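Fold and geometry: a report
Residues per chain, in single letters:
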Amino acid sequence: MSDGILRCAKLTLALELGPSAGQHTALLRTVERCNDACNWIAEVAFRERCANKIRLQKIVYLEARERFELPGQMATRPIPKVVEADKCDRTVQPHFRAHGAVPYDQRNISWKAPDRVGLLTLNGREAVPYLFGEYQNARRDRTRGQADLVLRRNVFSLYATADAPEPPQGRYTEYLGIDLGIVDLATDSDGIISTGEAGRRLCRVSAHRRRNLSREGTKACRRKLRRISGRQRRFQADTNHRNSKHVVAVARRTKRGLAREDLQGIRERGTVRRRQRARHANWGFSRLRSPIGYKVRQLGVPAVLVDPRNTSRTCPDRACIDQVNRPTRDRFECVSCGLAGPADAIAARNIAFRARAAVMQPKVSDAGSVPEAPETSHLL
Ligand SMILES: [Zn+2]
């Protein structure tokens, strides 16, 4: 990202499918067959050392169609999936679960009927009813025709990609600053802390258990490991969802924009004590972003990213930057004016301040004209 802006944000709509018994079987067979195909293609790709989509398609397309009796529009779909998986680690051949997600695109999905979705299966096209609420219905016309067919606990869902609504226009001069801290999950410039204590405890406990389980390495241990990490992931996703919802709602209610640090490369920044490293890498940093990202769009709150340097070492009153201002990781004490407080809350104030300064400062190119609102929707 050149300037940290993602103009075309996407959101994912989860639609639960309600197939008939026959359709369920057809979908199941299709999913299994596609994953078989993925595994075979992965084997070929690995053997031929080919990670190029177009070259790989030339090698495998005809044989994949024949071997797995896939309709033409489906035989190409596993190829990008294999290439993507291959990119993660070229030294191992990726393996696909029998019921792994199957990608659909415009060629094998259709959204024409209001309450059914046309899906291509091994038995041809099936019009599968789906359940939707108000939320999904309002966004249905923004789906782009791409979706993943997901099977979880014997229930089929479609995770459809939709365009997020356009960011709001308008001028904002006041911002609510958010600091994604190490000690507290997020602190805003009003000093309100969304603490993640319960989550952190869960992280600590499960990190410990995971370590023990992976040392043992038996099959039962691996199964247990998967369950634990699933539980932790869902807990984190849920906590982040609620926190970001709260933060965006506060900004909206108080008619402010939302300011946050530009966290590209955050892990390289500064020193993190060993004890905190796992927490730092796991929690918050990567995950709080995306829910905020689309919630600001949904609720029409402008958002801006600011330079993260020294936000927790700068005194918001005197603008003096000094390492000494931060005697401990959690504490801020200004050496020149004596202002003191939790480091995260001070950082959040600086973030809000920086966002405001950036907006108030006219661009050099159009000096004299009215300052524009900052680019919105940076928060993805
Ligand atoms: Zn000061």
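Quick summary incoming for the structure in this document. (Residues numbered from 1 in each chain as written. Predicted model: local features only at pLDDT ≥ 70, side-chain atom pairs only at ≥ 80, totals over all residues. Heavy atoms only, no water.)

Turning to the layout of surface pockets, a few remarks are in order. A volume near 740 Å³ is recorded for the largest pocket. Surrounding the largest pocket, 16 residues form its lining, Arg97, Arg152, Arg226, Arg233 and Arg234 being those nearest its centre. Among the elements that take part in the lining of the largest pocket, helix α7 (residues 219-253) stands out by supplying 7 residues, more than any other. Here the residues of the lining of the largest pocket sort into 4 nonpolar, 4 polar and 8 charged. (1 Å grid on protein atoms, 1.4 Å probe; cavity = no way out; pocket = protein on both sides within 12 Å on 5 of 7 lines; lining within 4 Å. Points joined across faces, edges and corners; volume = space filled by probe spheres on them. Helix = DSSP H or I, 4+ residues; strand = E, 2+ residues; numbered from the N terminus. Nonpolar A, V, L, I, M, F, W, Y, C, P; charged D, E, K, R; others polar.)

The next thing to look at is the nonpolar core. Counting 40 residues, the largest nonpolar core has Leu17, Leu56, Val117, Leu119, Leu149 and Leu158 as its most contacted members. The biggest single contributor to this core is helix α1 (residues 21-48), with 10 residues. Setting aside chain neighbours within four positions, we find Leu119 in contact with Leu17, Leu27, Tyr104, Asn108, Ile109, Gly124, Arg125, Glu126, Val128 and Leu158. With 10 residues, the next largest nonpolar core counts Leu180, Val247, Leu258 and Ala303 among its residues. (Core = buried A, V, L, I, M, F, W, Y, C linked by side-chain atoms within 4.5 Å. Buried < 20%, exposed > 50% of the residue type's maximum accessible area, 1.4 Å probe, protein only. Contact = heavy atoms within 4.5 Å.)

Here we take up the side chain of Thr121. As for its position among the elements, Thr121 is in strand β4 (residues 116-121). Leaving out residues up to four positions away in the same chain, Thr121 has contacts with Ala26, Leu27, Thr30, Pro71 and Glu126.

In the first shell of the zinc ion, the protein supplies Cys315 (SG), Cys334 (SG) and Cys337 (SG), at 2.1 to 2.3 Å from the metal. We note that the donor set of the zinc ion lies within a single chain, spaced as C-x18-C-x2-C. For Cys337, a relative accessible area of 31% puts it in the partly exposed group. (Donors = N, O, S within 2.8 Å, 3.2 Å for Na, K, Ca; no water.)

On a regular strand, one side chain projects to one face of the sheet and the next to the other, so that they alternate. Where burial is concerned, most of strand β11 (residues 257-261) is hidden: 5 out of the 5 residues are buried. Here strand β8 (residues 175-179) pairs with β11 via 4 bridges, running parallel. Each residue of the ladder has a partner; that of Ile178, found in β11, is Arg260. (Pairing = 2+ DSSP bridges.)

This paragraph deals with the environment of Asp188. Along the chain, the position of Asp188 falls in strand β9 (residues 186-188). When its relative accessible area of 4% is taken as the criterion, Asp188 is described as buried. The spacing of Asp188 and Asp344 is 156 residues in sequence and 8.2 Å in space, taken between C-alpha atoms. Excluding residues within four positions of it along the chain, Asp188 makes contact with Leu176, Gly177, Ile178 and Ala348.

Attention shifts here to the side chain of Asn325. Take Asn325: it is sitting in the loop between β12 (303-306) and β13 (331-333). Here Asn325 falls in the buried class, since its relative accessible area comes to 0%. One polar contact links the side chain of Asn325 to the main-chain carbonyl oxygen of Arg313, over a distance of 2.9 Å. (Polar contact = N/O pair within 3.5 Å; in protein donor to acceptor, adjacent residues only side chain to side chain.)

Summed over the entire model, instances satisfying the criterion amount to 0 disulfides. Note on Cys38: no disulfide assigned, nearest cysteine sulfur contributed by Cys34 at a separation of 6.8 Å. When its relative accessible area of 2% is taken as the criterion, Cys38 is described as buried. (Disulfide = S-S within 2.5 Å.)

So, about the environment of Val306. Structurally, the position occupied by Val306 is in strand β12. Measuring from C-alpha to C-alpha, the distance between Val306 and Phe353 comes to 9.6 Å, with 47 residues separating the pair along the chain. If sequence neighbours within four positions are ignored, Val306 has contacts with Arg260, Glu261, Asp262, Ile351, Arg354 and Ala355.

Moving on, we get to the packing of α1 against helix α2 (residues 53-68). Two numbers describe how α1 lies on α2: the axes approach to 10 Å, and their chain directions differ by 140 degrees. By the angle class used here, α1 and α2 are oblique. Crossing hand, α1 versus α2: right-handed. Across from Arg33, Asp36, Ala37, Trp40, Ile41, Val44, Ala45 and Glu48 in α1, the residues of α2 making contact are Arg55, Leu56, Ile59, Val60, Glu63, Ala64, Arg67 and Phe68. The residue makeup of the contact of α1 with α2, split by class, is 10 nonpolar, no polar and 6 charged. (Axes fitted to C-alpha atoms, helices over the stretch in contact; angles between N-to-C directions. Parallel < 35°, antiparallel > 145°, perpendicular 65-115°, else oblique. Left-handed = near helix turned anticlockwise from the far one by under 90°.)

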